[in-house]
Amino acid sequence: MQQEFKNVYISTYGCQMNVNDSERMYSLLEMNNYQEVEKPEQADLIIINSCSIREKPVHKVHSEAGLYQKLKKKNKALRIGVGGCVGQQEKKNLLKDIPYLDFVFGPDNIDDLPRILEELDEKKKVAGAKFKHQEPYHISNMVRNPGVATFVNITKGCDNFCTFCIVPFTRGRLRSRPLKDLVADINGLVARGVKEVTLLGQNVNSYDSDCGANFAKLLQTLAEDTQIQRIRYTTSHPKDFNQELVDVLAKYRTKLCDYIHLPVQSGSTEVLRRMNRVYTREEYLDKIRMIKEAIPGVSLSTDIICGFPGESDKDFEDTMTLAEEVGYETMYAFMYSPRPFTKAARYEDQVDEKVSRERLNRLLTFHKQQAFDLAKRYQDQVLEVLVESLDKRSSKGADAPRVMGRSTQNKLVHFDGDESLIGQTVKVKITETAPINFNGVRVFDSKELQQEKTS
Ligand code: SF4
């Protein structure tokens, strides 16, 4: 008898953690006879996987759920749920405020999704948003079509309580996956053709395995005991970026990518203190020097908040000078926005929105030029590029097909090539640079040239 499938549509917003969480939901649901559909109109189950780090997330969930109300009127069997950080933050309030919503759940309850759906057969509404602080973090990686490069969760939650951040309240305390599970997961991905993994966590370098391994030890183990070609990781906290970790990055440089995202948040020691970042401007700059010394040519990236409560003109100038001194090739800068439950939301010296916006614009304008200038160093360099896919956009109207892939410095490189290159790491000479995207031409050493001729 033919299996009957139900259709699921997941709307995702937020960071890579959320994208990964949605993939996990799809995988779990596929095991429970659901299949992904592209449009909410086709779905028997709609999940809004939300993020509450920035902007007005609850409002966003309300307005998106509003769009689905008329679908529910047409199809009474349609189930609608909210997951992710807003589900965790609002719990039953959302079920009360949005009458046609069937269930809410938090990031810690994704694996309970099949059970929640079963419960809905008997109950009208289900709220599954309990933290599992005490339980070991035992999950296996779930990704349906990993492709060449994919993501692997290594930690969840965070214990740092930066005063602006909602994560400890929506994703709970830090838990780390066992080292042996990660080795097994990554070897499994390699067997499926994956060449590059990005290790994911709110604060990866606080990794603390049950066997006593820290993040440096984890990277070393993955570099030595797995066949993965490249390893990236995000996000790191400067307080845990130490000499031991930098030594491992330098030693296994062929596998551990030359790209470090190290959020500074502010260049002012006083603002950092009020953010509870537990490092000073000088300590951060010392770490940057340590990194640059050990890994010459490393590409650096950061997050910055403009207009944090109490940020003076002088504090902001400190951020500008720090950005200039470090030379970030990539920057994610945002205006401060108060988040529920956080300490900074209760600070009385909130900065006027107009001032914050002006500062943000100044910083972004500066960074745009700086990133453009820094990218010029790659001109005529030969980079190792892991080809990820066909470049459909730049292939349009071109004489030859084009492909795209990433260099170890996380630059997206576009060049002439066909599908057979996907999954290969090839040498590309850079002919044109912009902050993120480069154009180039493939180059061959004599051995490769020989192989190319005989193939
Ligand atoms: S370290 Fe990152 S995730 Fe943790 S509280 Fe601070 S900003 Fe949030």
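Residues numbered from 1 in each chain as written. Predicted model: local features only at pLDDT ≥ 70, side-chain atom pairs only at ≥ 80, totals over all residues. Heavy atoms only, no water.

**Student:** It is not clear to me how the domain arrangement of the chain should be interpreted in this structure. Could you clarify?
**Tutor:** Interface size, as often reported, equals the accessible area lost upon joining of the parts. When its domains are assigned, the chain resolves into domain 1 (6-128), domain 2 (149-375) and domain 3 (379-454). Inter-centroid distance (C-alpha atoms) of domain 2 to domain 3 is 28 Å. Facing 16 residues of domain 2, the contacting portion of domain 3 comprises 18 residues. On the domain 2 side of the interface with domain 3, the three residues burying the most area are R230, R232 and A375, jointly 38% of the side's total. Counting across the domain 2 and domain 3 interface gives one salt bridge. Between E329 and K411 there is a salt bridge whose closest N-O contact spans 2.9 Å. Across the domain 2-domain 3 interface, the total number found is seven residue pairs in polar contact (both at pLDDT 80 or more). Put simply, the parts of the chain that give the side of domain 2 that touches domain 3 at least two residues each are strand 11 (230-234) and helix 13 (353-375). A total of three residues in the side of domain 2 that touches domain 3 trace back to one element, the largest contributor, which is helix 13. (Domains from an automatic or database assignment. Contact = heavy atoms within 4.5 Å. Buried area = accessible area lost by both parts, 1.4 Å probe. Salt bridge = Lys/Arg side-chain N within 4 Å of Asp/Glu carboxyl O. Polar contact = N/O pair within 3.5 Å; in protein donor to acceptor, adjacent residues only side chain to side chain. Helix = DSSP H or I, 4+ residues; strand = E, 2+ residues; numbered from the N terminus.)

**Student:** Explain helix 11 (residues 281-294) to me, please; I cannot follow it from the model alone.
**Tutor:** The periodicity of an α-helix, 3.6 residues per turn, causes residues three or four positions apart to be oriented the same way. Between its first and last C-alpha atoms helix 11 spans 20 Å; for 14 residues at 1.5 Å apiece the expected length is 20 Å, and the two agree. All of the buried residues in helix 11 are R281, Y284, L285, K287, I288, M290 and I291. In this fold, the buried residues of helix 11 make contact with helix 9 (243-251), strand 12 (259-261), helix 10 (269-275), strand 13 (299-306) and helix 12 (313-326). (Expected span 1.5 Å × (residues − 1). Buried < 20%, exposed > 50% of the residue type's maximum accessible area, 1.4 Å probe, protein only.)

**Student:** So what exactly am I meant to see when it comes to the pairing of strand 1 (residues 6-12) here?
**Tutor:** When a strand is regular, its side chains alternate between the sheet's two faces. Within strand 1, five of the seven residues are buried, which leaves the element mostly enclosed by the surrounding structure. Sheet topology places strand 1 next to strand 2 (residues 34-36); three bridges connect them, and they run parallel. Considered in strand 2, the bridge of K6 is made with Y34. Handedness of the crossover is the feature at issue here: the chain leaves strand 1, passes through helix 1 (residues 16-30), returns alongside strand 2, and the resulting connection is right-handed. Judged from the five bridges that link them, strand 1 and strand 3 (residues 45-50) form a sheet pairing that is parallel. (Pairing = 2+ DSSP bridges. Right-handed = clockwise from strand over helix to strand, strands pointing away.)

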